[in-house]
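Per-entry structural report
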Amino acid sequence: MMKRKSISASKASVVFFLCQMISALDVPLDSKLLEELSQPPTITQQSPKDYIVDPRENIVIQCEAKGKPPPSFSWTRNGTHFDIDKDAQVTMKPNSGTLVVNIMNGVKAEAYEGVYQCTARNERGAAISNNIVIRPSRSPLWTKEKLEPNHVREGDSLVLHCRPPVGLPPPIIFWMDNAFQRLPQSERVSQGLNGDLYFSNVQPEDTREDYICYARFNHTQTIQQKQPISVKVFSTKPVTERPPVLLTPTGSTSNKVELRGNVLLLECIAAGLPTPVIRWIKEGGELPANRTFFENFKKTLKIIDVSEADSGNYKCIARNILGSIHHVISVTVKAAPYWITAPRNLVLSPGEDGTLICRANGNPKPSISWLTNGVPIAIAPEDPSRKVDGDTIIFSAVQERSSAVYQCNASNEYGYLLANAFVNVLAEPPRILTPANKLYQVIADSPALIDCAYFGSPKPEIEWFKGVKGSILRGSEYVFHDNGTLEIPVAQKDSTGTYTCVARNKLGKTQNEVQLEVKDPTMIIKQPEYKVIQRSAQASFECVIKHDPTLIPTVRWLKDNDELPDDERFLVGKDNLTIMNVTDKDDGTYTCIVNTTLDSVSASAVLTVVARPNPPLDLELTGQLERSIELSWVPGEENNSPITNFVIEYEDGLHEPGVWHYQTEVPGSQTTVQLKLSPYVNYSFRVIAVNEIGRSQPSEPSEQYLTKSANPDENPSNVQGIGSEPDNLVITWESLKGFQSNGPGLQYKVSWRQKDVDDEWTSVVVANVSKYIVSGTPTFVPYEIKVQALNDLGYAPEPSEVIGHSGEDLPMVAPGNVQVHVINSTLAKVHWDPVPLKSVRGHLQGYKIYYWKIQSLSRRIKRHVEKKILTFRGNKTFGMLPGLEPYSSYKLNVRVVNGKGEGPASPDKVFKTPEGVPSSPSFLKITNPTLDSLTLEWGSPTHPNGVLTSYILKFQPINNTHELGPLVEIRIPANESSLILKNLNYSTRYKFYFNAQTSVGSGSQITEEAVTIMDEVQPLYPRIRNVTTAAAETYANISWEYEGPDHANFYVEYGVAGSKEDWKKEIVNGSRSFFVLKGLTPGTAYKVRVGAEGLSGFRSSEDLFETGPAMASRQVDIATQGWFIGLMCAVALLILILLIVCFIRRNKGGKYPVKEKEDAHADPEIQPMKEDDGTFGEYSDAEDHKPLKKGSRTPSDRTVKKEDSDDSLVDYGEGVNGQFNEDGSFIGQYSGKKEKEPAEGNESSEAPSPVNAMNSFV
């Protein structure tokens, strides 16, 4: 069963369409249908009922109508037929009923005044127009009159009458002067509704002779002017004040009638001095809200669109200080007729029933009368199918002859309403007006409205089918509207298809197919997001969309719901909007709108442009006191980022002009602050606003404020007393800053006395300085010290006392009872007795141990002395000596240290370190390979660290798969340096392990590989042997010997000994047989081996070495450095060679004057060597023949011969300083000075430099 359904408010967009369709059934609008169907006339356009025309132009009286067949037109004038053909001035437009009256030929428009009515007629009936009253506009002149001047006493009221001529329509009134300037109006002077000019009281300034009333007639576009009115105001003293009196309306009550829907205007103008004030009320009710307005300085009450409810009593009250007066206006709202239900056209089929209803209301209630085809229904031809029942005509079983046009007239004394409604009786089969195969496109999940506009008489029934052979559509998922429209409330993708509309009545049947396509909705899958952007930065909004592929979207960007600014900074991309160099004007809401032919989506985001705040304004100083002042300011623009705080700075124009200092800061909500001030400062203040973006520019400085001088409030800080010499005391302090002086003439009173001695204070006043030296003091005694500030106005408060000391001197006593306890071969512990504190003569800083190696016990060889220093802070009585060499003889002494320097050394103490394990043999060479033997040669360990007892050799064969065979061990006497291994396998690779031993144990081993030969030929494999290392703290020199093919590319692999980490690899450039490993860790044992690129598994045996300990501070004597010794020897040798050559040349060549040689040779610098003796040039001197004296050229005293020491280069490295914690553990550094070791073990008497010693102190 078909279902009818009302349209909800949410579907307001559909309502208009449906309403059109419903009305189209009553009066079909299809042009083709209208051409085929008969239809009674309908008036479509007519002139207004009250038609005022311009008498200077042709009169046009409109009357347009439609119908089928087209209607003919006729007119009546003043109730009688108006024969147009007999009046040459009147014509009717073709195919129209509009009349045109030509008055350009001297005919007056007044001749055509009257009441006109138009009739439009065809075979189906006649429609009539309203009664159109034609009246020409009139703008008469003012009558001439003699106007007497108005003499008025100051304070009296005055009314200047306009009395304009009566025109049609009434003119618009205004007052101006001779210069055509409108006269000013106010509560005192104003124009009434009748055009008169009212003065509640006149003033002397009202005197003038050109009060002119003008009347403007809009229809004729003319302005008429009244004669000027003169007003002269004369003064009387005193001016008498008067209570209010009404100038208009008069009396206490009046009546007013207004029609419904019009504008109600009520007026009250009062006289009085002072000028009265007008107030309006409605008795027994409220003035209607939203429709009430006050005009003319509240003298006029205006209520728009009045209704019967606005009837009642309205009271105006005029009041001044002397009293009040009121007037009551009784308002009655009448009503011309207005429609409740206007009759509507009827389209009926033969035999159907229908009604015409004509209902109207008004005050008084209007009477209803009916006409048929323009004739009162009482005298019209009889029609048995109709029956008149007051405001209703009832039709029963109509026939085609019942077609007619009916007129309903509703009238009362205030007007009338006339409406035409036809009854058209038609017998028509169904027609579908919707075009065939019309395509409807909708978005999924939205309603789909499929049209089936139809017409037929009787009214057809509508059915819908889906598909060509589908079943009839029923169910709650569809809505069937009365106008034939099919609604699918929620269309889905499967709703797509062909829909068939079938229309049936008793005269026939028709159908129409339409197509429905359901599209995917357009979506914004990435919407623009809220942005907070700093000024001058770049902002970007994204708008990424997804849409149905068959729809073409268009994207628009709006700013604040308006078009984007025409600015090249706005760049619109495919999916984004970019704003370059953002300014404050770019603040706002940006909307991305995506439109297709079916839907529209949008998304918005706000752009907030932030910046540092603007500087504060209007700084003001108030509440000035000696030590405080109040500062206030007005914040600048926040620039969309709230101000978090204000920073207040000050400038001291008296002491530091141009320099701004921080004073304080307050929260951003605060705009005043109480500031503390110092005396004798010329203050200026400025304020800086701070927000999350940053600090504003400083505000303009405030006015200056100079505070009065006062005594200093504070004394100097950081007072200290430290002697620079043993007999003085240096007193220092931090001077007061300029504004801390509190006044001119800043000075300091310096006082001191020896502590714990009953002495008086000694004082001295000094200028504005920060130091004073007291001379002639005992050595290192405590003093009480105080420094007090003063200025020209007096002293600061009494200062606090501090303790200082006079100057220090070197300690007098050496530590006693020095004992050494050797812990192991590299560590010893030293004990000593502390020195008496009095003998320190200063602040005890600690003790220093000087120690040095005398000689190695395993080698009785002289060596240079390298003194090392360890410093122990505080009053320590022991210390640890690390890093000693095993099996060596050492000396040490101990010294106490104070702030001045070191005291005398304790007597030297000799101690010896026990044996240790030796280092690896210095080298291992394998030579003379034969079929079954190899020769091994080695060097003794660089550091035997004791008496060598033997060497241990281990070796084992290596097969082709690099697997190791059984290990063979041989012990070799310590005095041997070579060995021939026999009974070996021929053409076999062996790996050798070699190390030395002392009584303590075995040292590090060195490895090597070698191969016996086959058939007395060269070894099959190349080899790398004799890998040696020379290590320093952070680097090591690696060298080796290579036997094999030329152009081998070597690499060095190394790692920490005993570690499981992978070997590190360094490539050797070229075919060199040495390499320097850098970046090593001091004091660490390393393993190293050398290999050749391209020979898999071919590498040397491993070698072990240890880097030297960390040297944090070194005392270096350049004369003991190897590079320096070598350089000096080279220089000496070069000089000696040059001298010998010169002597030989002189002996051979005799004397040659220099001048002659210069004449002969322009440039002696480039003379070649003589081929016979290789000497340079030919210069000679007699003195060159003198023989050299023996010993005349000797090496520098600071050079060291090689045989003086056989220690390694590490022995000549830089010394080491060190410190220990209180438990004696090592925390310090080595430091020392290398000196030549005296012969026979005699000790050097040279003391270490105090400066070097202090450098090592921690």
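Keep in mind that this is a model prediction, so the values were computed, not measured.

A closer look at the confidence of the model for the protein chain
Chain-level statistics for the protein chain give a pLDDT mean of 84 and a share of 85% at 70 or above. Note on residues 1–25: pLDDT is under 50 here. Beyond four places in sequence and across chains, it has 31 contacts. Note on residues 1112–1116: pLDDT under 50 across the span, and 22 contacts to partners over four residues away in sequence or across chains.

Digging into unusual backbone geometry
Here the amide bond leading from Lys 68 into Pro 69 is cis, since omega sits at 0°, within 30 degrees of zero. Inspection of the secondary structure puts Pro 69 in the loop between strand S4 (63–68) and strand S5 (72–77). Backbone torsion omega between Lys 237 and Pro 238 reads -5°, so that peptide bond is classified as cis. Topologically, Pro 238 is positioned in the loop between strand S19 (229–234) and strand S20 (242–248). Of note in this structure, Asn 983 is not a glycine but carries a positive phi near 65°. Counting through the fold element by element, Asn 983 comes out in the loop between strand S84 (978–981) and strand S85 (989–998).

A closer look at the sheet that holds strand S45 (residues 497–505)
Two pairing modes exist for strands in a sheet, parallel and antiparallel, and in both the strands are linked by backbone hydrogen bonds. The sheet built from four strands is open, its strands ordered S39-S46-S45-S42 with mixed pairing. Unpaired on one side and paired on the other, strand S39 (438–443) and strand S42 (461–466) mark the two borders of the sheet. Direction aside, the axes of adjacent strands within the sheet are offset by 30° on average. Across six bridges, the pairing between S42 and S45 is antiparallel. By the bridge assignment for S45, Lys 466 is matched with Tyr 499.

Here we look at the sheet that holds strand S88 (residues 1036–1043)
The three strands lie next to each other as S87-S88-S91, forming an open sheet whose pairing is antiparallel. Each having just a single partner strand, strand S87 (1023–1031) and strand S91 (1074–1077) make up the two edges of the open sheet. Pairwise comparison of adjacent strand axes, ignoring direction, gives a mean angle of 20° for this sheet. The pairing of S87 with S88 spans seven bridges and is classified as antiparallel.

So, a nonpolar patch on the surface
Side chains of Leu 1133, Leu 1136, Ile 1137, Ile 1140 and Ile 1144 sit close together on the surface and give an oily, nonpolar patch of about 410 Å² of accessible area. Structurally, Ile 1144 can be placed in helix H4 (residues 1122–1149). Given the relative accessible area of 38%, Ile 1144 is considered partly exposed.

Section: the side chain of Thr 596
Position of Thr 596 among the secondary structure elements: in the loop between strand S55 (588–595) and strand S56 (600–610). With relative accessibility at 13%, the residue Thr 596 sits in the buried group. Here Asp 599 takes part through its side chain, which lies 2.4 Å from a polar atom of the side chain of Thr 596. When residues no more than four places from it in sequence are discounted, the contact partners of Thr 596 are Thr 522, Leu 551, Ile 552 and Pro 553.

Quick notes on the pattern of salt bridges
The full count for this structure, using the stated rule, is 39 salt bridges. The shortest N-O distance in the salt bridge between Asp 520 and Lys 493 comes to 3.5 Å. Linking Asp 520 in the loop between strand S46 (508–519) and strand S47 (523–526) with Lys 493 in the loop between strand S44 (486–488) and S45, this pair joins segments that are 27 residues apart in sequence. Between Lys 786 and Glu 798 there is a salt bridge, and its shortest N-O distance comes to 2.8 Å. Of this pair, Lys 786 sits in strand S69 (residues 782–791) while Glu 798 sits in the loop between strand S70 (794–795) and strand S71 (802–805), and the two are 12 residues apart along the sequence. The class for Lys 786 is buried, based on a relative accessible area of 15%. Ionic contacts of the salt-bridge type, sharing partners, join the residues Arg 153, Asp 156 and Arg 242 into one network.

A short note on the state of the cysteines
Counting across every chain of the model gives six disulfides. The side chain of Cys 63 participates in a disulfide bridge whose partner is Cys 118; the two sulfur atoms lie 2.0 Å from each other. In this structure the cystine formed by Cys 63 and Cys 118 twists about its S-S bond by roughly -70°; its chirality is therefore left-handed. Note that Cys 63 is positioned in strand S4 and Cys 118 in strand S9 (residues 114–122), a separation of 55 residues in sequence. Across the disulfide from Cys 268 sits Cys 316; the S-S distance is 1.7 Å. Taking the torsion about the sulfur-sulfur bond, which here is approximately -60°, the covalent link between Cys 268 and Cys 316 counts as left-handed. Of the two residues, Cys 268 is situated in the loop between strand S22 (264–267) and strand S23 (269–273) and Cys 316 in strand S27 (residues 312–320); the sequence distance between them amounts to 48 residues. Cys 316 matches Cys 268 in its accessibility class, with the two residues each being buried. Cysteine pairing in the protein chain follows 1-2, 3-4, 5-6, 7-8, 9-10, 11-12, where each cysteine in a disulfide is numbered by its order in the sequence.

Parameters at a glance
- Residues numbered from 1 in each chain as written.
- Predicted model: local features only at pLDDT ≥ 70, side-chain atom pairs only at ≥ 80, totals over all residues.
- Heavy atoms only, no water.
- pLDDT = per-residue confidence, 0-100.
- Contact = heavy atoms within 4.5 Å.
- Helix = DSSP H or I, 4+ residues; strand = E, 2+ residues; numbered from the N terminus.
- Pairing = 2+ DSSP bridges.
- Axes fitted to C-alpha atoms, helices over the stretch in contact; angles between N-to-C directions.
- Patch = residues over 30% accessible without salt bridge, like charges linked within 9 Å, V, L, I, M, F, W, Y side chains within 5 Å.
- Areas by Shrake-Rupley, 256 points an atom, 1.4 Å probe, with all protein chains shown as cover.
- Salt bridge = Lys/Arg side-chain N within 4 Å of Asp/Glu carboxyl O.
- Buried < 20%, exposed > 50% of the residue type's maximum accessible area, 1.4 Å probe, protein only.
- Polar contact = N/O pair within 3.5 Å; in protein donor to acceptor, adjacent residues only side chain to side chain.
- Disulfide = S-S within 2.5 Å.

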